[in-house]
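One letter stands for each residue in the lines below.
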Amino acid sequence: MTVTGELGHSREAAVRLDQSDPLSKLRDSFFIPVDDAGNQLLYFCGNSLGLQPKGAADHVMEVMEEWARRAVNGHQHGRAPWYPYHELFRETGARLVGARPGEVVMMNSLTVNLHMLLTSFYRPEGRRRKILMESPAFPSDSYCLQSHVKARGLDHHEVIVQCGPRDGEQCLRTEDIISTIEAHGDELATILLGGVNFLTGQSLDLQAITEAGHRAGAMVGFDLAHAAGNVVMHLHDWDVDFGAWCSYKYLNASPGAIAGAYVHERHGSNRDLPRLAGWWGNDPDTRFRMHLESEFVPVQSADAWQCSNPPILAMAPLRASLELFDGTGMEALRERSLRLTGYLRAMLESRPGRRYQIITPETDADHGCQLSIVVDGDATEAFATIEAAGVVADFRPPNVIRVAPTPMYNTFEECWRLAMLMGDRFGTPDA
Ligand SMILES: Cc1ncc(COP(=O)(O)O)c(C=O)c1O
């Protein structure tokens, strides 16, 4: 999406874009990080750690106050009792990813949730033992899958199939993913792919992949770390079996924040699924009968995958974050995101003699807010140069700089400044 056309490439044009967008005001709901001299940094790192919502501290303090005042009675009484605290996210969490209430639960961390879900959704049997994942994949996903394969007594070199970009290309093609699924057909037990790739920022066609996976008879799940709060999803309608994400990136819910998990309701209502069980996944009506109930009776929703009673302090900031997402709506945010990222791309690509290229796909459906930039020459030094100029972004070896203009708090004017800086440092002004 290009928004520079009729408005030109000036700073004033960028400021006008900010002034004319009603969602620009969302930035006021966040603390913007500053350097040692108190100057605001150019923060483009929401793909790694989102900024602190100003409302987060109130929710945390509320828990601290209730704990001080009520101690154990805070589980049942007070402003937001802790026993049903996770249910505060039942509706907002579902809306965030296009699920039905009861299909989403906030718990644990991302990799832990992938483990919990794979216990249920990787069930090798007979010929059907293979797992499809992407390349490059986030290392935690690889380790997680390898360990599941090993735990079932199988060899991951034989069982894990990877689908990567074609030679000379950076991103995956949907047709290649689908033909890989078809090629492994009845040997494929589970598909686990990153919904938005951590390195390239490519957004996959989750619906087409899920359909192809189901045609092959496989379970289909996604690591949505870079998709949640970034792109619009309809996990229920797309019939996705399972998914998990972290909340510290685009969801701005604090470092290592409580993560999310999605389970389609047809599995949530299946009490016979194998899973790792704990008392918090048990039917709440009998949970506190303790030793009087020796058999685990899973609650018939995604809540059944919870094991332990949740860390309330870690959940509190997520309330502030989801209030903002829910108050705005993913569709409206995504619309702004496409304009913001489209603007940054256009500005970066307009810099004369530029010595970098954007590897994130350009078509709207194929990307989220992140742009991944490969710089010619020494990328480590290139990154250090923009960091020294006040940019907070991140670098993934050997040569990818990731910048994420997030629609919640980044501005067009910040994108303009980043593009000018990149052009200045990695372009030829008179080319
Ligand atoms: C795509 C992806 N998967 C998995 C992880 C691991 O997350 P966690 O440390 O919360 O388990 C990350 C972390 O950034 C990630 O980006």
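What counts, and where the lines are drawn
- Residues numbered from 1 in each chain as written.
- Predicted model: local features only at pLDDT ≥ 70, side-chain atom pairs only at ≥ 80, totals over all residues.
- Near = placed C-beta within 6 Å.
- Helix = DSSP H or I, 4+ residues; strand = E, 2+ residues; numbered from the N terminus.
- Nonpolar A, V, L, I, M, F, W, Y, C, P; charged D, E, K, R; others polar.
- Axes fitted to C-alpha atoms, helices over the stretch in contact; angles between N-to-C directions.
- Parallel < 35°, antiparallel > 145°, perpendicular 65-115°, else oblique.
- Left-handed = near helix turned anticlockwise from the far one by under 90°.
- Contact = placed C-beta atoms within 7 Å.
- Domains from an automatic or database assignment.
- Expected span 1.5 Å × (residues − 1).
- Buried ≥ 20, exposed ≤ 12 C-beta atoms within 10 Å, placed from the backbone.
- Pairing = 2+ DSSP bridges.

The full set of residues close to the ligand is Ser 109, Leu 110, Thr 111, Phe 138, Ser 140, Asp 141, Gly 194, Phe 198, Asp 223, Ala 225, His 226 and Cys 246. Mapped onto the shell around the ligand, the elements with two or more residues apiece are helix H4 (110–121) and helix H5 (139–151). Taken together, the residues of the shell around the ligand sort by class into five nonpolar, five polar and two charged.

Close contact between helix H3 (residues 90–97) and helix H10 (residues 312–328) brings their axes to 10 Å; oriented N to C, the two are set at 55°. Between H3 and H10, the crossing angle belongs to the class labelled oblique. As H3 runs across H10, the sense of the crossing is left-handed. Along the contact surface, H3 presents Thr 92, Gly 93, Arg 95 and Leu 96, while H10 presents Leu 322, Phe 325 and Asp 326. Of the residues assigned to the contact of H3 with H10, the class counts are three nonpolar, two polar and two charged.

Turning our attention to the domain arrangement of the protein chain. For the protein chain, the domain assignment lists domain 1 (5–30 + 329–425) and domain 2 (59–327). Computed from C-alpha coordinates alone, the two centres of domain 1 and domain 2 are separated by 29 Å. With 20 residues of domain 1 at the contact, the number on the domain 2 side is 18 residues. When residues of the side of domain 1 that touches domain 2 are traced back to their parent elements, those giving at least two are helix H11 (330–349) and strand E10 (371–375). Of all the elements, H11 adds the most residues to the side of domain 1 that touches domain 2, at three residues.

This part covers H4. Between the first and last C-alpha of H4 there are 16 Å, a value that for 12 residues agrees with the 16 Å anticipated at 1.5 Å per step. Residues of H4 that are buried: Leu 110, Asn 113, Leu 114, Met 116, Leu 117, Leu 118, Ser 120 and Phe 121. Where the residues of H4 are buried, they touch H5, strand E5 (188–194), strand E6 (219–223), strand E7 (242–245) and strand E8 (260–263).

The next thing to look at is the sheet that holds strand E9 (residues 356–358). Strand order in the open sheet formed by four strands is E9-E10-E13-E12, and the pairing between neighbours is antiparallel. Strands with a single pairing partner mark the edges of an open sheet, and in this sheet they are E9 and strand E12 (394–396). Neighbour-to-neighbour, the strand axes of this sheet turn through a mean angle of 30°, independent of strand direction. With four bridges connecting them, E10 and strand E13 (residues 400–403) associate as antiparallel partners.

Going residue by residue along E7, you find Phe 242 and Ala 244 tucked away on one face and Gly 243 and Trp 245 tucked away on the opposite face as well. Inspection of the sheet shows E6 paired to E7 by three bridges, in the parallel sense. Paired with Asp 223 across the strands is Ala 244, a residue of E7. As defined by bridge partners, E7 adjoins E8 across four bridges and the pair is classed as antiparallel. Along E8, the bridge assignment pairs Phe 242 with Val 263.

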